[in-house]
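Close look at the chain arrangement
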4 protein chains.
Amino acid sequence: MASPRRQRLRPDVRLPQILDAAVEEFAVRGYAGASMTAIAGRAGVAKGLLYHYFPAGKADLFRAAVRSCVQPAFAEAEAILASRAGSRRALLRALVDMAYARLTGQPRDQVLFRLIVSEADRFPEIAEFYQAEVLSPTFALVRAVLRAGVESGEFRPEALEQPGLPQVVLAPVLMASIWRMMLGEARSPDLDAMRDAHADLLVRALSA
Amino acid sequence: MASPRRQRLRPDVRLPQILDAAVEEFAVRGYAGASMTAIAGRAGVAKGLLYHYFPAGKADLFRAAVRSCVQPAFAEAEAILASRAGSRRALLRALVDMAYARLTGQPRDQVLFRLIVSEADRFPEIAEFYQAEVLSPTFALVRAVLRAGVESGEFRPEALEQPGLPQVVLAPVLMASIWRMMLGEARSPDLDAMRDAHADLLVRALSA
Amino acid sequence: MASPRRQRLRPDVRLPQILDAAVEEFAVRGYAGASMTAIAGRAGVAKGLLYHYFPAGKADLFRAAVRSCVQPAFAEAEAILASRAGSRRALLRALVDMAYARLTGQPRDQVLFRLIVSEADRFPEIAEFYQAEVLSPTFALVRAVLRAGVESGEFRPEALEQPGLPQVVLAPVLMASIWRMMLGEARSPDLDAMRDAHADLLVRALSA
Amino acid sequence: MASPRRQRLRPDVRLPQILDAAVEEFAVRGYAGASMTAIAGRAGVAKGLLYHYFPAGKADLFRAAVRSCVQPAFAEAEAILASRAGSRRALLRALVDMAYARLTGQPRDQVLFRLIVSEADRFPEIAEFYQAEVLSPTFALVRAVLRAGVESGEFRPEALEQPGLPQVVLAPVLMASIWRMMLGEARSPDLDAMRDAHADLLVRALSA
DNA sequence: GATGAATGAGTCTTCATTCAT
DNA sequence: GATGAATGAAGACTCATTCAT
């Protein structure tokens, strides 16, 4: 006589279901706009169950959802780096291309970014977390590439003396992502044009 | 200093009061998080009055608030441009400096940007408006500077052949602004370092 | 330098403007649904002016509006009665026809009736007023016709002994009106069919 | 008699509670005048629960409340009809008596009718529903009685040839109900007198 | 683990009414 | 007489959260 809806699942099955639903809902509606009911509905569970898994409530679910999005996007970058194919210049170009490509193909990454931007001051710890887990490593990676280029003689040595350079190098890719989110594919600046201009700018500015 | 219960003001006095309060509240809380009650309280008026000035309600007030933020930024840029002081290179540097300076000094501008980023897909018309009234003109302005530089022989002629260049040139300033919003002054990348790296990068990449 | 909108009119011009607007608005929206703003708008005056003419507010305006609708609908009936054309039977038929005809041609009368029906228990005095000014006289008129018919020998003498007869005689016309209001012209019972059946029924039942 | 703060009941218990409270409140105040808070209070539940059962809100609750009033009236009429006691004339009289009796004894029925009359044009579907579910069947019932009477030779054959007759036959009862609602028991026409006059009129007009 | 009935504080919004101009 | 800015109370509705089952 069990209710047909009532299926007991192990936490490691239910939890991802719930987190996925939460990510999608938060992504579409923002933090304040997403309702627990809607998240539960999307996950196919009852409202009450959300509080079983996240007794502290909505804010906690949000934190968990955001955290669940930060996957090692670095795997690919490090693979490219490891293969050290050709010149540093070609390497740089490959990295830039990869970064732009992700923007097109990985909506989940965009979502993450957007959520963090808009909810950052309601959840300072999330911004902090993002800075520590995503931003800093990425800057470090760029710095490593620059150092390798300088050491091999391809890049100008001054590149290592400017602490703000990695940020400047990365910024256009991130802005391209933000413009896409804001304006839609139709109205946002042309991605290919930006990628080419970006790569060209870097090569000219950094070459020894 | 008595606060009379009912102070009748001319609309051209009240309206800015209300808009200012709305901008502040939306900035702090986001669209969904800002409450009409709080906006009214901040403006020192009764809730009902908001609907007298914006019968269409919260969304309309939001639009008006965003629009009220736009004008001041361009005035300064055009002033700099008009005073065509010195070389194009110096001009570019002046513009870059101004842009970074605004990010520090004008919280209103940051607010505007953050609101647009986070609420863009709930208010597509605002994103559209921003693109048309702010972004496009700014790109055009950068392009004008580049063209002047090329014509004077200071900049490389290829600079004019890359349609994505203005976006790449501007991106670091905007990202600096976003990082500040997200991470706070303490944790965000160092503004001065970025400005210097940015200006240096441009000069190296663009010089003939 | 007078504001162009500000036209001072004599009360006997303004008052009908306001009452007409009120009747229309109350008719369309009901008492609770009609807003003072909308009435003022329809009348082409400012909200405040309504309170100048009706200091006691909305309820008072409603009462005045309803009262303004009760015009002597009896003029026509009494004209028919005075012309005593032909037999009482023909007279009765003429009166029935007239009653049904009014239902089609005079939306203002229907409105009045509907308002009274639906707001009667919020405004008991209005129901009272209606009963005294409209209903009672109408019953009396029917009774007079019956008496004349009995005296002339055309109608059965028992017709005068049934105190409920005038109500029964009138009811179908009023119900026809109510059904029209409720169901619209399309779905409500056929007016012509009712009129014929009604007249026939009366003639058969009353003839000596 | 302690009233526990949170009493969980099965929906098939709560729903009628809520509908009953809604009918009463709508009856007294009309649609616009009835407040969700008051309905919840009358039902002894929190406001929010109303939206649990009627997510579409007030209008939906209103529709459900009206619908919940319909069924009982027909049962009795059909019982009388089934017990085809005595002559058709007696049958007609029994039905007329029943109809008048209901108006006195069953406030729920009056309420229903009043609601439909006054809110018909705000809820066209309800008027439609009323016409289809209540009015048409009632007319059909009257027509069936007439036909049976004609076939048995008690009624004049012409009674079947007048399509408007059922409406005319029923109208006085309904008007009696409306007058009662409008004017109160004290001021409205005498019910007994109407019933007698009504029955007598029908018998005289319909007898062969 | 899982459900969904139940709550109540909070949100946007409306509107009769007041009153300075 | 006339305006419309300003108010405040009240209304419909939402939603995070609780808890009996």
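Residues numbered from 1 in each chain as written. Chains lettered and ligands numbered in written order. Predicted model: local features only at pLDDT ≥ 70, side-chain atom pairs only at ≥ 80, totals over all residues. Heavy atoms only, no water.

1. Remarks on the relation of the copies chain A and chain B
Expressed as a screw transformation, the operator carrying chain A onto chain B has a rotation angle of 179° and an axial translation of 0.1 Å, and the superposed copies differ by an RMSD of 0.6 Å. Such values leave the two copies arranged in the relation of a two-fold axis. Both copies contact each other with a shared surface, as 100% of the interface residues of chain A are interface residues in chain B too. (Least-squares fit on C-alpha atoms with pLDDT ≥ 70 in both. Contact = heavy atoms within 4.5 Å.)

2. Remarks on the interface of chain A and chain B
Across the boundary between the two partners, chain A contributes 46 residues, which contact 47 residues of chain B. Summed over both sides, the interface of chain A with chain B buries roughly 4100 Å², with 71% coming from carbon and sulfur. The largest contributions to the chain A side of the interface with chain B come from Val168, Met182 and Leu201 of chain A, which together make up 16% of the buried area. Across the chain A-chain B interface, the total number found is 2 salt bridges. In this structure, arginine 187 of chain B engages glutamate 128 of chain A in a salt bridge whose closest nitrogen and oxygen atoms are separated by 3.6 Å. (Buried area = accessible area lost by both parts, 1.4 Å probe. Salt bridge = Lys/Arg side-chain N within 4 Å of Asp/Glu carboxyl O.)

3. Comments concerning the relation of the copies chain C and chain D
Once chain C is rotated about the relating axis by 179° and shifted along it by 0.1 Å, it coincides with chain D to within an RMSD of 0.6 Å. An overlap of 100% is found between the interface residues of chain C and their copies at the interface of chain D, pointing to a shared contact surface.

4. Digging into the domain arrangement of chain A
All names here are of chain A. Domain annotation of chain A identifies domain 1 (11-67) and domain 2 (74-206). For domain 1 versus domain 2, the separation of C-alpha centres amounts to 30 Å. Counting residues at the interface gives 12 residues for domain 1, matched by 12 residues for domain 2. Each partner contributes to the roughly 1200 Å² buried at the junction of domain 1 and domain 2, and carbon and sulfur atoms together form 69% of this total. Linking domain 1 with domain 2 are 1 salt bridge. We note a salt bridge from glutamate 125 to arginine 63, for which the minimum N-O separation is 2.4 Å. Seen at the junction of domain 1 and domain 2, the total is 2 residue pairs in polar contact (both at pLDDT 80 or more). Residue assignment for the side of domain 1 that touches domain 2 shows that the elements contributing at least two residues are helix 1 (11-33) and helix 4 (58-67). A total of 7 residues in the side of domain 1 that touches domain 2 trace back to one element, the largest contributor, which is helix 1. Looking at the side of domain 1 that touches domain 2 residue by residue, the classes come out as 8 nonpolar, 1 polar and 3 charged. (Domains from an automatic or database assignment. Polar contact = N/O pair within 3.5 Å; in protein donor to acceptor, adjacent residues only side chain to side chain. Helix = DSSP H or I, 4+ residues; strand = E, 2+ residues; numbered from the N terminus. Nonpolar A, V, L, I, M, F, W, Y, C, P; charged D, E, K, R; others polar.)

5. Quick word on the protein's contact with DNA strand F
What surrounds DNA strand F is a group of 43 residues, the closest being Arg8 and His52 of chain B, Leu9 and His52 of chain C together with Arg6 of chain D. Considering the 4 Å shell around the protein, atoms of DNA strand F inside it are sugar or phosphate in 65% of instances. Between a phosphate oxygen of DNA strand F and a side-chain N or O atom of tyrosine 51 of chain A, the distance comes to 3.2 Å. Lysine 58 of chain D has a polar backbone atom sitting 2.9 Å from a phosphate oxygen of DNA strand F. When residues of the surface near DNA strand F are traced back to their parent elements, those giving at least two are helix 3 (47-53) of chain A, helix 3 (47-53) of chain B, helix 1 (11-33) and helix 3 (47-53) of chain C together with helix 3 (47-53) of chain D. Partitioning the surface near DNA strand F into residue classes produces 17 nonpolar, 10 polar and 16 charged. (Near = heavy atom within 4 Å.)

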